[in-house]
Amino acid sequence: MAAEPFARLADRQHALRTALRALRAAGPGSPDFPALLAATDKEVEAVLQARRDVEAARLTVPNRATAAGTSVAALVVAVGWFDAWSLLSLVLAVATAAAVLVDPTGRTHWEPRARTAAISAALLAVLLTPLLNGWAALITAAGIAWWARRTLG
Amino acid sequence: MKDIDPVKALDDKVERLKKDVKSLGIRIDNAQTDAAQQKLSTTNQFRDTNRKITRTGDRVTELAESVHRLERLLVALNRKVRASETQKADFDTWPEVPDSLVATILAGQEAYARKTFTQQEAKNTRKAIAEYDRAALAAIDAADALTTLPAHAEALWRKKYREWRTITGRHRPELPDDDTHARDTAAKAAGNEAVARVRQTIRDRIEDAVARDLLFPAWFENMLGPAAPPGKADDWLHTATDVVLYRLLHGITSPADALGPAPKEQGHRRDLHDRLVVECADYRKP
């Protein structure tokens, strides 16, 4: 099961290599070049998707685990270091953790690792909330911004 | 007899004055009645005159219409009379203008319509093509790197993918062709020469038809009128030659409509069509 995305990536990379060989042989001046370029572009997208699947397979469990840890830590901090102002950071972190728990890897090319970054930032924010109170929310916000940039950009 | 009593005398005087005033009143009434009667009759006269003028206007319009009808009848009759007696001018068959000559003219017009590259444009295009080719090879190299990268090296994947994307949205510019340029120049020169020759042929035939007082074809008279307007013979001949050349080049054979329907697409033919329509409308004006 775990080997399957790797095998698919290898297959896709092989197919891309073949497409590129044809593209290189035709050369940019050839009349077939635009069609070959479009075909190769599809192969490139397929390789990117296969790589994302590999990343997703690798990061699903760690992301979920971090999200679950963040939720638990937020609960502990909320109870142990209760402060109304800190609740902002905790609520934001729990919301991020919920989103990552539901879908730990996302769909776009660079999203699995972007979600890792976002949930790590949320965990860090929760752990620092006793020190920084509500200001720790900024760390989570930065993580979310990073995630959005990787997903949309 | 003089009245001694002053009161009586005064009474008499008052009586006389009363009579005078009364007669004056009567006279004023009479005058008013006269004036009213006069005014009424003037108004009536005015109305009559107006009615007459309107009737005359209607009559003039009717006359103008009948003159117009007569004019057209005269033209038609003139044609019929001349048709029975005179020879007809033939502006539809041109054995002295072979198809190859027409093809040469059309090729020349096409060459004019084609966008020509200036030296600088050709240079820029070549530079853009070289740039595209270089970018394409770089993009292919980047895509090649994607085939060997390990899955976890995300930064490298992103970098190479970005390099690949630089080429996918672009198009390679068309290569300017030196041969096309030279061919176009030759085609334009040959086209100009052919146009001059054909125009001369057509003009000669029209002048001959005018000199021998031949009957023009119906489409010709519809478009250019029955004869050259006074003082504008040369312009008229020029336009007539253009109309005949237009029919010849674009294969218009309608016996009544000289130029046929207006071409839909913009271009030289459309411009010429519009120009001829305007010029001929000038010649048909009374």
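What you see is a predicted model, and the numbers here were worked out from it, not measured in a lab.

## A closer look at the overall build of chain A
Along its length, chain A carries five helices and zero strands. Reading the helices (α) and strands (β) of chain A from amino to carboxyl end gives α-α-α-α-α. A globule of 153 residues ought to have a C-alpha radius of gyration of about 15 Å, yet chain A, at 21 Å, is considerably larger. Buried positions account for 41% of the 153 residues belonging to chain A. Counting contacts in chain A only where the partners sit at least 6 residues apart, residues at least 24 apart contribute 75% of the total. Surface summary for chain A: the accessible area is close to 7,700 Å², and the carbon and sulfur share equals 71%. Charge-centre separation for chain A: the mean point of 15 positive side chains lies 3 Å from the mean point of 11 negative side chains.

## Considerations on the domain arrangement of chain B
Considered domain by domain, chain B is made up of domain 1 (1-85), domain 2 (87-117 + 181-286) and domain 3 (118-175). Taking only C-alpha atoms, the centre of domain 1 of chain B and the centre of domain 3 of chain B are 98 Å apart.

## A short note on the interface of chain B and chain A
Listed per partner, the contact involves 22 residues of chain B and 25 residues of chain A. Summed over both sides, the interface of chain B with chain A buries roughly 2,200 Å², with 64% coming from carbon and sulfur. Where chain B touches chain A, the interface holds six salt bridges. Notably, a salt bridge pairs E154 of chain B with R51 of chain A, separated by 3.3 Å at the nearest N-O pair. At the boundary of chain B with chain A, the tally comes to 13 residue pairs in polar contact (both at pLDDT 80 or more). Broken down by secondary-structure element, the contributors of at least two residues to the side of chain B that touches chain A are helix 3 (119-146) and helix 4 (154-168) of chain B. For the side of chain B that touches chain A, the class distribution of residues is 11 nonpolar, four polar and seven charged.

About the criteria used
- Residues numbered from 1 in each chain as written.
- Chains lettered and ligands numbered in written order.
- Predicted model: local features only at pLDDT ≥ 70, side-chain atom pairs only at ≥ 80, totals over all residues.
- Heavy atoms only, no water.
- Helix = DSSP H or I, 4+ residues; strand = E, 2+ residues; numbered from the N terminus.
- Rg over C-alpha atoms; globule rule 2.2 N^0.38 Å.
- Buried < 20%, exposed > 50% of the residue type's maximum accessible area, 1.4 Å probe, protein only.
- Contact = heavy atoms within 4.5 Å.
- Areas by Shrake-Rupley, 256 points an atom, 1.4 Å probe, with all protein chains shown as cover.
- Lys, Arg positive; Asp, Glu negative; His and termini not counted.
- Charge placed at Lys NZ, Arg CZ, Asp CG, Glu CD.
- Domains from an automatic or database assignment.
- Buried area = accessible area lost by both parts, 1.4 Å probe.
- Salt bridge = Lys/Arg side-chain N within 4 Å of Asp/Glu carboxyl O.
- Polar contact = N/O pair within 3.5 Å; in protein donor to acceptor, adjacent residues only side chain to side chain.
- Nonpolar A, V, L, I, M, F, W, Y, C, P; charged D, E, K, R; others polar.

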